[in-house]
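Residues per chain, in single letters:
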Amino acid sequence: MKYSDLKVGDTYEKFQVVEDQHVVSFAQITGDKNPVHLDEEYAKNSVFGGRIAHGILLLGYISAVLGMEFPGPGTIYMSQNAKFLKPVYIGEKIKIVVKIVEKDDNKKRAKLLTNIYKESGELAVEGEAMVSLKFL
């Protein structure tokens, strides 16, 4: 996608299943082996009632969308703010929504809404990112 093709209000949606292997691999790579993510018996007795995905793994799904799909290759992540509002469970299908809310033509940057919704439609992650688009 070219920078000139992007407009304020443009929205992209992607569905993603949070797979067990994603969570296990993320834990191995980062060293975050909190049992609420990996141990079903432990997680059943937690406030969540089952295993949940790492919040930062969920942001990684957003990163993949930004860098590979929308806006796409050449997009550089500059910042990300996020509020984790609801847990996302292993095997859950989520909807990632990215929307351009501001565009700075002088700096070739964009502010993006970066939200993740649960299968139920509830907002799980509310976020906002700043990206550089000068390589598009």
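Above: the structure in question.
Right, let's walk through the structure included here. (Residues numbered from 1 in each chain as written. Predicted model: local features only at pLDDT ≥ 70, side-chain atom pairs only at ≥ 80, totals over all residues. Heavy atoms only, no water.)

The next thing to look at is the side chain of Glu92. Secondary-structure assignment places Glu92 in the loop between β2 (76-84) and β3 (93-104). Here the side chain of Glu92 touches Lys118 through a polar contact of 3.0 Å, side chain to side chain. Apart from residues no more than four positions distant in its own chain, Glu92 is found in contact with Gln16, Val17, Val18, Pro87, Lys118 and Glu119. (Helix = DSSP H or I, 4+ residues; strand = E, 2+ residues; numbered from the N terminus. Polar contact = N/O pair within 3.5 Å; in protein donor to acceptor, adjacent residues only side chain to side chain. Contact = heavy atoms within 4.5 Å.)

Before going further, it helps to examine the packing of aromatic side chains. In total, this model carries one aromatic pair according to the counting rule given. Ring centres of Tyr12 and Phe70 lie 5.6 Å apart, and the angle between their planes is 5°; this geometry places the pair in the stacked category. Residue Tyr12 is located in strand β1 (residues 11-17), and its partner Phe70 is located in the loop between α4 (55-68) and β2; the two are separated by 58 residues in the primary sequence. Residue placement shows Lys93 over the ring face of Phe15; its charged tip is 5.0 Å from the ring centre. For Lys103, the ring lying beneath its charged end belongs to Tyr3, and the centroid distance is 4.1 Å. (Phe/Tyr/Trp six-rings, centres within 6.5 Å; stacked < 30°, edge-to-face > 60°. Lys NZ or Arg CZ within 6 Å of the ring centre and 35° of its normal.)

Attention now goes to a nonpolar patch on the surface. A grouping of Ile76, Met78 and Phe135 is seen on the molecular surface, where their side chains present a nonpolar patch of about 290 Å² in accessible area. Here Phe135 shows up in the segment after β5 (123-132). A relative accessible area of 55% means that Phe135 is categorised as exposed. (Patch = residues over 30% accessible without salt bridge, like charges linked within 9 Å, V, L, I, M, F, W, Y side chains within 5 Å. Areas by Shrake-Rupley, 256 points an atom, 1.4 Å probe, with all protein chains shown as cover. Salt bridge = Lys/Arg side-chain N within 4 Å of Asp/Glu carboxyl O. Buried < 20%, exposed > 50% of the residue type's maximum accessible area, 1.4 Å probe, protein only.)

By themselves these figures say nothing about function.
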